[in-house]
Amino acid sequence: MKTIYLGLRGDIIHPGIINIIKEAAKHGDVLIGLLTDSAIASHKRLPYLTWGQRLEVVENIKGVSRVVPQEEWSYIPNLKKYRPDAIIHGDDWNTGPLSKEREDVIALMHEMGGEVIEVPYTKGINSSALHEAMRSLGTTPDIRLKSLRRLIEIKKPVRIMEAHSGLSGLIIENLEVEKKDGLHGFDGIWSSSLTDSTSKGKPDIEAVDLTTRLQDLTNILECTTKPIIFDGDTGGKPEHFVFTVRTLERNGISAVIIEDKVGLKKNSLFGSEVTQELAPIPDFCEKLSAGKRAQVTREFMIIARLESLIADMPVSDALERARAYVAAGADGIMIHSKEKSGSDIQDFCAKFRAEYRGVPLVLVPTTYNHFTEKELAGWGATIVIYANHMLRASYPAMLNAAKIILERERSLEADNLCMPIKEILELIPGGK
Ligand code: SPV
Ligand code: MG
């Protein structure tokens, strides 16, 4: 009996896929290469179902003989490993981004004495269109909450961008840039206290209460599906923090980051004139533990943010705190600094990673922004947060347009700085 290879995402099963499996079964035993989460995430968004769930579905489809993981986006490594007699594919790969892969597959199968079977694409139905349709339906709090841990498992670093409104959330949700190594997009959203309060015309001093923060976050939740990390400031009193944790979980937020400051919290990036008192280690540990005990889901993450370097304390102080916070149950560590060179952060990362290989480490490279994500991952970063760039980018753009209108006493000259009316009407689905 011949073996026919079929690479599948298997997240949404539709008649087009069943048709290909039926066709494959006519030629021999159907061997499915089920793409792993990381293979998919290199080119598309994370699947809704885990690999194990997708396996359960796919191995029970009539006509499927065996399922193996496909660890790469490309079929080539698995074709070399399993040496099937044929590979089957929809004829949609004749053009578009998969056409180069098609050429490579044809060459390899030819070399191995195998065959490439192409079947006509089932009209009117395909996985990409269904994925788009599902995205427009949104996600569930449960799937969203769990997706951050799944991303941490498969991507280094996980790339997070700040959003402070539905509109900025939509950019993070939808923007993709095609690069040589695949499709690049943001993996998730940072709900920043700085940009949230600034967009409301308030200072970043924990002046916006949780209820108000959540009202705005609801707008982001409604039009996005990606995981959200919530900036929890100091977390307040432990008695209050436990309620915050549950409220965030209920809303499908994946993680909260709380910082070890006491007294009136000021934004960490202020100049050296602002001194901030650090929390006594046992007090902060108690808050972290209280939060961990209170959480309802297994996957929610409480990340401890070290402010030692912001408070001009040495790396050794940050390390001592990191050890205590991890022991108290923190699911990850964030370290912040306003030092431009990044040398203090790099020093901390090396020492922290020597002791803790697997504990997620979050960096916020606002001042040391000349380092690339790859370099930061090389230091040991698990997550990189661009903490304020959507808000900072929008303000000069608005200011400029407003200035031109004032100067010219009409809006014609500002028009090419603004999004066309047609585009803004079409930006939000359902507006027509
Ligand atoms: C925020 O975005 O609110 C943060 C990060 O806490 S920072 O502003 O850099 O302190
Ligand atoms: Mg903040």
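Our subject is the structure that appears above.
Residues numbered from 1 in each chain as written. Chains lettered and ligands numbered in written order. Predicted model: local features only at pLDDT ≥ 70, side-chain atom pairs only at ≥ 80, totals over all residues. Heavy atoms only, no water.

Enquirer: How would you explain the overall build of the chain if you had to name every residue and give the values?
Expert: Across its full length, the chain carries 17 helices and 17 strands. Once the C-alpha set of the chain is aligned to its principal axes, its extents read approximately 75 × 60 × 40 Å. Considering the chain as a whole, with its 432 residues, one finds that 48% of them fall into the buried category. A sequence separation of at least 24 residues applies to 74% of the contacts in the chain between residues at least 6 apart. Accessible area of the chain: about 21500 Å², with a carbon and sulfur share of 55%. Taking the 54 positively charged and 60 negatively charged side chains of the chain as two groups, their mean positions are separated by 2 Å. (Helix = DSSP H or I, 4+ residues; strand = E, 2+ residues; numbered from the N terminus. Buried < 20%, exposed > 50% of the residue type's maximum accessible area, 1.4 Å probe, protein only. Contact = heavy atoms within 4.5 Å. Areas by Shrake-Rupley, 256 points an atom, 1.4 Å probe, with all protein chains shown as cover. Lys, Arg positive; Asp, Glu negative; His and termini not counted. Charge placed at Lys NZ, Arg CZ, Asp CG, Glu CD.)

Enquirer: Please provide a residue-by-residue account of the sheet that holds strand β11 (residues 255-259), values included.
Expert: Taking strand neighbours around the barrel as the criterion, the 8 strands line up as β6-β9-β10-β11-β14-β15-β16-β17 in a closed arrangement whose pairing is parallel. Pairwise comparison of adjacent strand axes, ignoring direction, gives a mean angle of 25° for this sheet. Across the sheet, helix α14 (residues 343-355) is in contact with β14 (301-306), β15 (332-335) and β16 (361-363); its angle to β16 comes to roughly 175°. (Pairing = 2+ DSSP bridges. Axes fitted to C-alpha atoms, helices over the stretch in contact; angles between N-to-C directions.)

Enquirer: Any details on the packing of aromatic side chains? Residues and values, ideally.
Expert: The description of an aromatic ring pair rests on the distance of the ring centres and on the angle between the ring planes. For the structure shown, the criterion picks out 6 aromatic pairs. An angle of 65° between the planes, with centres 4.7 Å apart, marks the rings of F371 and W379 as edge-to-face. Through pairs of rings, three or more aromatic residues link up here, namely F348, F352 and Y356. (Phe/Tyr/Trp six-rings, centres within 6.5 Å; stacked < 30°, edge-to-face > 60°.)

Enquirer: Just give me the short version of the packing of helix α12 (residues 281-294) against helix α13 (residues 315-327), but keep the residues and values in it.
Expert: Between two packed helices, what matters for the description is the angle formed by their axes and the separation of those axes. Two elements in contact, α12 and α13, have axes separated by 9 Å at closest approach and are oriented at 35°. Note on packing geometry: the crossing formed by α12 with α13 is right-handed. On α13, the residues touching I281, F284, C285 and L288 of α12 are E320, R321, A324 and Y325. Of the residues contributing to the contact of α12 with α13, the split by class is 6 nonpolar, no polar and 2 charged. (Left-handed = near helix turned anticlockwise from the far one by under 90°. Nonpolar A, V, L, I, M, F, W, Y, C, P; charged D, E, K, R; others polar.)

Enquirer: Explain the sheet that holds strand β4 (residues 86-90) residue by residue, including any values.
Expert: With parallel pairing, 5 strands are arranged side by side in an open sheet as β3-β2-β1-β4-β5. Edge positions in the open sheet fall to β3 (64-70) and β5 (115-119), since each of these has one partner strand only. Along the sheet, successive strands turn relative to each other by an average axial angle of 30°, direction set aside. Pairing of strand β1 (residues 3-8) with β4, which is carried by 2 bridges, proceeds in the parallel orientation. Each residue of the ladder has a partner; that of Y5, found in β4, is I87. Strand contacts of helix α3 (residues 51-58): β1, β2 (29-35) and β3, with the helix running at about 160° to β2, the strand carrying the most contacts.

Enquirer: I'd like a rundown of the coordination of the magnesium ion (ligand 2), residues and numbers included.
Expert: Coordination sphere of the magnesium ion (ligand 2), protein contribution only: S193 (OG) and D231 (OD), at 2.1 Å. Here S193, found in helix α9 (residues 193-199), pairs with D231, found in strand β10 (residues 228-231); they are 38 residues apart in sequence, far enough to count as distant. Residue S193 shares its accessibility class with D231, and that shared class is buried. (Donors = N, O, S within 2.8 Å, 3.2 Å for Na, K, Ca; no water.)

Enquirer: I'd love a proper account of the site of ligand 1, names of residues and values included.
Expert: For ligand 1, the full set of nearby residues is W190, S192, S193, L194, D231, N267, S268, L269, R305, H336 and A387. Within the side chain of D231, an N or O atom sits 2.7 Å from an oxygen atom of ligand 1. In the model, an oxygen atom of ligand 1 is placed 2.9 Å from a nitrogen or oxygen of the N267 side chain. For the shell around ligand 1, the residue count by class is 4 nonpolar, 5 polar and 2 charged. (Near = heavy atom within 4 Å. Polar contact = N/O pair within 3.5 Å; in protein donor to acceptor, adjacent residues only side chain to side chain.)

Enquirer: An account of the packing of helix α8 (residues 166-174) against helix α10 (residues 210-223) is needed here, citing residue identities and associated values.
Expert: Packing of α8 against α10 leaves a shortest axis separation of 8 Å and a crossing angle of 35°. Every pair of crossing elements has a handedness; the one defined by α8 and α10 is right-handed. For the pair α8 and α10, the contacting residues are G166, L170 and E173 in the first and N219, I220 and C223 in the second.

Enquirer: Now, about the nonpolar core: what can you tell me, with residues and values included?
Expert: Y325, I333, I335, F348, F352 and L363 are the most contacted members of the largest nonpolar core, which totals 53 residues. With 6 residues, α13 is the largest single contributor of residues to this core. When neighbours within four sequence positions are excluded, F348 is seen to be in contact with L306, V315, A318, L319, A322, I333, I335 and L361. (Core = buried A, V, L, I, M, F, W, Y, C linked by side-chain atoms within 4.5 Å.)

Enquirer: Which residues make up a nonpolar patch on the surface, and what are the values?
Expert: There is a patch of nonpolar side chains on the surface, built from L167, M419, I421, I424, L425, L427 and I428 and spanning about 650 Å² of accessible area. The element contributing the most residues to the nonpolar patch is helix α17 (residues 421-427), with 4 residues. On the secondary structure map, I421 appears in helix α17. The class for I421 is exposed, based on a relative accessible area of 63%. (Patch = residues over 30% accessible without salt bridge, like charges linked within 9 Å, V, L, I, M, F, W, Y side chains within 5 Å. Salt bridge = Lys/Arg side-chain N within 4 Å of Asp/Glu carboxyl O.)

Enquirer: I'd like a description of unusual backbone geometry, backed by residues and values.
Expert: The omega angle of the peptide bond from K156 to P157 is -10°, so this bond is cis rather than trans. Mapped onto the secondary structure, P157 falls in the loop between α7 (141-154) and β6 (158-162).

Enquirer: Break down the environment of V67 for me, with residues and values.
Expert: Structurally, the position occupied by V67 is in strand β3. We classify V67 as buried; its relative accessible area is 16%. Residues within four places of V67 in sequence aside, it is in contact with I32, L34, L55, V58 and E59.

Enquirer: Lay out the pattern of salt bridges in plain terms, naming residues and giving numbers.
Expert: Evaluated as defined, the whole model comprises 26 salt bridges. D104 is the salt-bridge partner of K100, the closest N and O atoms lying 3.0 Å from each other. Linking K100 with D104, this pair stays in helix α5 (residues 99-111), spanning 4 residues, or about one helical turn. Two residues, D331 and R149, come together in a salt bridge whose shortest N-O distance is 3.3 Å. Of the two residues, D331 is situated in the loop between α13 and β15 and R149 in helix α7; the sequence distance between them amounts to 182 residues. In this structure D331 comes out as buried when scored by relative accessible area, which is 15%. Exposure remark for R149: the relative accessible area of 29% places this residue in the partly exposed category.

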